[in-house]
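# Secondary and tertiary structure notes
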Amino acid sequence: MSLLSSTQGNFERVRSLVQVLAAHGGELPRASALSWLQPRWKGLDHEPSSSAGTQIIGACRSLGFLQEGSDPLQLRNPSVATDIPTFADLVHEALVSAGHSDPAEDELSISEDAVPIWTYAWFVVRCDLEKGTSWISATTAKDLEGAIDGFLRGTSASGTKLFNTTKLPYWRRWLSAAGLIVDTKGRYFPDLSPRLARELAAVAIKRGSDTEIPIEDLLEDLRPRMPYLDGGEFHLQAVKRLRFAPPPQQLSFILSAGLRTLHEDGVIELSTIGDAPSQSLFPEDITTTKAVRFVTIKSQADQ
């Protein structure tokens with residue numbers, strides 16, 4: 001059962017299951033875990049839905065939190081952190097890891113577990129092609145389904161559909177939980193500034209806070225962590241599949257928007273002063289920030 005097929009297994013429920021297992025030393029009989037997730041209330045004579053519990057377990061397993069085997073349920077890491085920001089980091093890491101499971105050659109279809117993060121890679125490139133995000137609300141769910149599914153299956157015309165309109169809302173919820181899109185009031189659009197802030201905080205451990213980092217060095221640090229971005233493994237394959245030639249020395253719309261947002265919020269500082277090679281940000285009329293040579297990740301005390 002893939003993550004997007006486990007429709008009852010959302011972020012909050014998967015986190016609850018992991019919390020329950022962690023509180024019991026990382027292991028519980030399946031029936032006991034299900035009773036914690038779906039307690040019977042006094043006065044109600046119906047049994048909790050076994051289907052919902054199975055889907056929560058399926059989603060948890062798809063993300064790699066559970067050991068193989070159906071009973072008892074065992075965490076791979078019994079001391080896993082379950083605070084919301086750290087758990088979101090783990091979900092993002094799991095989505096990226098699943099994306100690496102395929103050779104991703106142009107003629108091959110990818111696996112179901114890789115669908116969520118590869119779909120995001122498609123959005124990154126498509127937003128460059130469309131020069132923004134307004135096209136999303138103007139595209140019907142059916143047209144979106146066809147375009148994404150065709151991308152995911154590559155040149156293979158056969159096989160089961162990997163993406164459809166039923167999976168779209170669940171994809172949106174998981175990517176929102178991972179800090180990659182904004183999903184509110186029925187509208188959604190890619191916005192990776194929350195995730196980028198978390199990944200930059202990790203980069204700052206290596207590079208240091210309040211230190212100017214050449215943009216090329218920063219991109220090298222980000223690509224393994226966010227391979228759907230400029231020059232990353234998934235991004236390069238998405239560019240190839242969509243037959244798109246990014247302008248040289250210009251960052252993608254999605255990354256440019258994320259950097260500008262964090263700059264305006266005081267999380268980072270973008271600078272064009274110096275001798276390092278520069279990158280143009282994606283053209284935007286309403287901002288004066290047009291390019292970047294150095295990025296300074298501000299310390300928490302400065303924010």
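Our structure's up above, just so we're on the same page.
Treat the numbers as computed from the prediction; the structure is a model and nothing was measured.

## Overview of the nonpolar core
- Membership of the largest hydrophobic core comes to 86 residues, with the highest contact counts inside it found for Tyr120 and Trp171.
- Contact partners of tryptophan 171, with chain neighbours within four places excluded, come to Leu4, Pro116, Thr119, Tyr120, Phe123, Phe163, Ile181 and Tyr188.

## Brief notes about the environment of glutamate 264
- In this fold, glutamate 264 is placed in helix α12 (residues 253-264).
- With relative accessibility at 59%, the residue glutamate 264 sits in the exposed group.
- For the pair glutamate 264 and glutamate 216, spaced 48 residues apart in sequence, the C-alpha separation works out to 21 Å.

## Remarks on the packing of aromatic side chains
- Within this structure, the stated rule accounts for twelve aromatic pairs.
- Taking 5.0 Å as the distance between ring centres and 90° as the angle between the ring planes, the aromatic pair formed by tryptophan 122 and phenylalanine 123 counts as edge-to-face. The exposure classification of tryptophan 122 matches that of phenylalanine 123, with both residues buried.
- Among the aromatic residues, ring-to-ring pairing joins Trp122, Phe123, Trp135, Trp171 and Tyr188 into one connected group.
- Seen from the ring of tryptophan 135, arginine 126 lies directly overhead, with NZ or CZ sitting 4.5 Å from the centre.
- If you follow arginine 241 out to its NZ or CZ, it ends over the ring of phenylalanine 151, 5.7 Å from the centre.

## Some details on unusual backbone geometry
- Here the phi dihedral of lysine 131 falls at roughly 60°; this positive angle occurs in a residue that is not glycine.
- We note that aspartate 210 has phi near 55°; this positive angle belongs to a residue other than glycine.
- Examined against the element boundaries, aspartate 210 turns out to sit in the loop between α9 (193-207) and β5 (212-214).

## Let's talk about the side chain of threonine 119
- With respect to the helices, strands and loops of the structure, threonine 119 is situated in helix α5 (residues 115-130).
- Leave out the neighbours within four places in its chain, and threonine 119 touches Ile148, Leu152, Phe163 and Trp171.

## Thoughts on the sheet that holds strand β6 (residues 268-271)
- Across the sheet, which stays open at both edges, the three strands sit in the order β5-β9-β6 with antiparallel pairing between neighbours. The open sheet has two edge strands, β5 and β6, and neither has a second partner. Here the strands of the sheet are splayed against their neighbours by 30° on average, with no regard to which way each runs.
- With three bridges connecting them, β5 and strand β9 (residues 294-297) associate as antiparallel partners. When the sheet's bridge partners are listed, isoleucine 213 is paired in β9 with valine 295.

## A few points about the environment of leucine 192
- Looking at the element boundaries, leucine 192 is found in the loop between β4 (187-190) and α9.
- We classify leucine 192 as buried; its relative accessible area is 1%.
- When neighbours within four sequence positions are excluded, leucine 192 is seen to be in contact with Tyr120, Gly179, Leu180, Met226, Leu229, Ile254 and Gly258.

## Looking at the pattern of salt bridges
- Across all of its chains, the model carries 15 salt bridges by this definition.
- For the salt bridge of aspartate 89 with arginine 198, the shortest nitrogen-to-oxygen distance reads 2.5 Å. In this pair, aspartate 89 sits in helix α4 (residues 84-99) while arginine 198 sits in helix α9, placing the two residues 109 residues apart along the sequence.
- For aspartate 89, a relative accessible area of 21% gives the class partly exposed.
- A salt bridge links aspartate 149 to arginine 153, with the shortest nitrogen-to-oxygen separation between them at 2.8 Å.
- A relative accessible area of 2% means that aspartate 149 is categorised as buried.

What counts and what doesn't
- Residues numbered from 1 in each chain as written.
- Predicted model: local features only at pLDDT ≥ 70, side-chain atom pairs only at ≥ 80, totals over all residues.
- Heavy atoms only, no water.
- Core = buried A, V, L, I, M, F, W, Y, C linked by side-chain atoms within 4.5 Å.
- Buried < 20%, exposed > 50% of the residue type's maximum accessible area, 1.4 Å probe, protein only.
- Contact = heavy atoms within 4.5 Å.
- Helix = DSSP H or I, 4+ residues; strand = E, 2+ residues; numbered from the N terminus.
- Phe/Tyr/Trp six-rings, centres within 6.5 Å; stacked < 30°, edge-to-face > 60°.
- Lys NZ or Arg CZ within 6 Å of the ring centre and 35° of its normal.
- Pairing = 2+ DSSP bridges.
- Axes fitted to C-alpha atoms, helices over the stretch in contact; angles between N-to-C directions.
- Salt bridge = Lys/Arg side-chain N within 4 Å of Asp/Glu carboxyl O.

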